[in-house]
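# Fold and geometry: a report
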Amino acid sequence: MNDRRDFLKLIGTAAGSAVAASAIAGVTAVQAPSRFASRRPPLAQRKFTSPAVEREIARVQAKIGDPKLRWLFGNCYPNTLDTTVNLGGLDGKPDTFIVTGDIDAMWLRDSSAQVWPYLPLAAHDEALRRLYRGLIHRHARCIAIDPYANAFMADPRARTTLPWAQHDETDMKSGVAERKWEIDSLCWTIRLAHGYWEATGDRAPFDDDWRAAMRLVLETFRTQQRKHGPGPYHFQRAAASPTDTLALGGYGWPGKPVGLIFSMFRPSDDACKYPLFVPGNWFAAVSLRQLARMARALFADESFARNCEALADEIHAALEKYAPMRDDDGITPWVYEVDGYGNQLFMDDANVPSLLGLPYLGCCKRDDPRYLRTRALAWSHRNPYFFSGKVAEGIGGPHEGLRMIWPMSIMIRALTSDNAGEISECLRWLKTTDADTGFMHEAFDQDDPSHYTRAWFAWANSLFGELVIDVAARHPALLRRA
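Residues numbered from 1 in each chain as written. Predicted model: local features only at pLDDT ≥ 70, side-chain atom pairs only at ≥ 80, totals over all residues. Heavy atoms only, no water.

Attention now goes to the overall build of the protein chain. For the protein chain, the count of helices and strands is 16 helices and 14 strands. Its C-alpha atoms give the protein chain a radius of gyration of 21 Å, near enough to 23 Å, the size a compact globule of 482 residues would have. Structurally, the protein chain occupies a C-alpha span of about 65 × 55 × 45 Å along its principal axes. Buried residues in the protein chain amount to 63% of all 482 residues. Nonlocal contacts in the protein chain, meaning residues at least 24 apart in sequence, comprise 68% of its contacts between residues at least 6 apart. Working note: accessible area of the protein chain is about 17200 Å², and carbon and sulfur atoms make up 52% of it. Placing the 57 positive and 58 negative side-chain charges of the protein chain at their respective mean positions leaves the two points 3 Å apart. (Helix = DSSP H or I, 4+ residues; strand = E, 2+ residues; numbered from the N terminus. Rg over C-alpha atoms; globule rule 2.2 N^0.38 Å. Buried < 20%, exposed > 50% of the residue type's maximum accessible area, 1.4 Å probe, protein only. Contact = heavy atoms within 4.5 Å. Areas by Shrake-Rupley, 256 points an atom, 1.4 Å probe, with all protein chains shown as cover. Lys, Arg positive; Asp, Glu negative; His and termini not counted. Charge placed at Lys NZ, Arg CZ, Asp CG, Glu CD.)

So, in structure tokens, the structure goes:
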């Protein structure tokens, strides 16, 4: 076993067994009295409970007419809290460590996204606020350990236990589980911190350690513009898949310094073909502006705020120059990756940030003409990772290979749409491709949803819950007749 894919084939690929899925997700397998019996762990076995979340489940389920959709929401929305949260203390502060599900490590991206849907409830639930404070503290601690790492161990002194990362050739540090440099890892931590601050007004987690971590974020982004050489980050892995390692001594394929941030890996943890990753740079521009607002409001730090905004402006200008597709007639769409020399790659991947997900992250409006053109191409066979089969259509990516649709892409399509028919179609696909497990998965075969990967993938479950709540607010009639 020498990479993540081999490991997940052992623990995360299933053939549709609801009992197997329940066992992996931490649920005690019992004989269900009905097809739609709850798949949540018994109350005493849940990792975290929130009265506000339980009320929200009841509120939204009361609006859902279809019994299966109601069941899926009840299982998926609280799955992160039920099965992945570990509360404690670290360095005298509240600490929250959140695993991805079937991998016993914390990804900065996943942990931020997994708890994002509960933010609207935090202002009226002290337990949730304690969870968020602990996670923001933990993120700051992780960034201080290594701003280039994507995943971390629960024990900051531990060496990685991930089998595929044991022999990586990189500057591996204690506390790091995997060290793949991805722009979005740092962006997600800012998004969560900013979202929590906006939702609650709570200043408690934003201490000197958090402030120092944010300075390190800005410094890392500047370094990875690579204006003065490649910088310190390098990474190589002896792996069967070329997307698990970097070329040219571990520094990645060449790119021209044009103001964009170099990202060696995508949010899928796959290596970039061209190092100037467009959705990640859009996300960075948004995150830097959020960080600037927090710096002014929380610390009256005008100098740092201006530096964040200056980098955001530089990234935005470079995106406008280098990221539109050159060979399109009419409104030019965004491309996925560029190298600054004129080479471009058009595709999209299900993992967020993606081209499809730009409005979801606040990078543009849903009705932006260039986004709409990009969206149409991404959700078509112009995108080599768009798949259309007997049971659904959607976007996948190199990570799980051809024909494998990621439910996350279907969710993002619905969350970025104002078209009731399109949203209804997405709900139908999601409702009929869970292989009767009661949970969302990483990916499923376009013709056979019983062939899927990762029975316990908490981010997908949280995102599904977020989607249903969004539909309840924007298109409640769709749920009543679903």
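This part covers helix H6 (residues 108-115). Counting buried positions over the eight residues of H6 gives eight, a clear majority of the element. Restricting attention to buried positions, one finds in H6 the residues Leu108, Arg109, Asp110, Ser111, Ser112, Ala113, Gln114 and Val115.

Moving on, we get to the sheet that holds strand S8 (residues 337-338). The strands that make up a sheet are held in pairs by hydrogen bonds between backbone atoms, and each pair lies either parallel or antiparallel. Pairing is antiparallel in the open sheet, where three strands are placed in the order S7-S8-S9. For this open sheet the edge positions go to strand S7 (276-277) and strand S9 (344-345), each flanked by a neighbour on one side alone. (Pairing = 2+ DSSP bridges.)

A few words on the packing of helix H9 (residues 208-223) against helix H11 (residues 302-322). H11 packs onto H9 with a crossing angle of 30° between their chain directions and a minimal axis gap of 11 Å. Taken together, the axes of H9 and H11 are roughly parallel relative to one another. For the pair H9 and H11, the sense of crossing is left-handed. Within the contact between the two elements, H9 uses Met214, Arg215, Leu218, Phe221 and Arg222 and H11 uses Phe304, Asn307, Cys308, Ala310, Leu311 and Glu314. Counted by class, the contact of H9 with H11 contains seven nonpolar, one polar and three charged residues. (Axes fitted to C-alpha atoms, helices over the stretch in contact; angles between N-to-C directions. Parallel < 35°, antiparallel > 145°, perpendicular 65-115°, else oblique. Left-handed = near helix turned anticlockwise from the far one by under 90°. Nonpolar A, V, L, I, M, F, W, Y, C, P; charged D, E, K, R; others polar.)

Quick look at the nonpolar core now. Judged by nonpolar contacts, the single largest core of 150 residues is most densely connected at Tyr132, Phe221 and Phe464. Examining the composition of this core, we find that 12 residues originate from one element, helix H10 (residues 278-299), more than from any other. Ile103, Leu162, Ala165 and Ala177 belong to the second-largest nonpolar core, a separate cluster that totals nine residues. (Core = buried A, V, L, I, M, F, W, Y, C linked by side-chain atoms within 4.5 Å.)

Here we take up the packing of aromatic side chains. Evaluated as defined, the whole model comprises 15 aromatic pairs. The interplanar angle of 70° and the centroid separation of 5.0 Å between the aromatic rings of Phe277 and Tyr336 together place this pair among those described as edge-to-face. Note that Phe277 is positioned in strand S7 and Tyr336 in the loop between H11 and S8, a separation of 59 residues in sequence. The pair Phe277 / Tyr336 is uniform in exposure class, with both members buried. Between Trp282 and Trp334 the ring centres are 5.1 Å apart and the planes differ by 70°, which places this aromatic pair in the edge-to-face class. With a gap of 52 residues between them, Trp282 in helix H10 and Trp334 in the loop between H11 and S8 connect regions that are remote in the sequence. (Phe/Tyr/Trp six-rings, centres within 6.5 Å; stacked < 30°, edge-to-face > 60°.)

One way to say it: the disulfide is the covalent bond shared by the sulfur atoms of two cysteines. Under the defined criterion, the tally for this structure stands at zero disulfides. Take Cys76: it sits in no disulfide, and the sulfur closest to it among the cysteines is that of Cys426, at 16 Å. Cysteine Cys142 remains unbridged, with the sulfur of Cys187 as its closest cysteine sulfur at 16 Å. According to the relative accessible area criterion, Cys142 is buried, its value standing at 2%. (Disulfide = S-S within 2.5 Å.)

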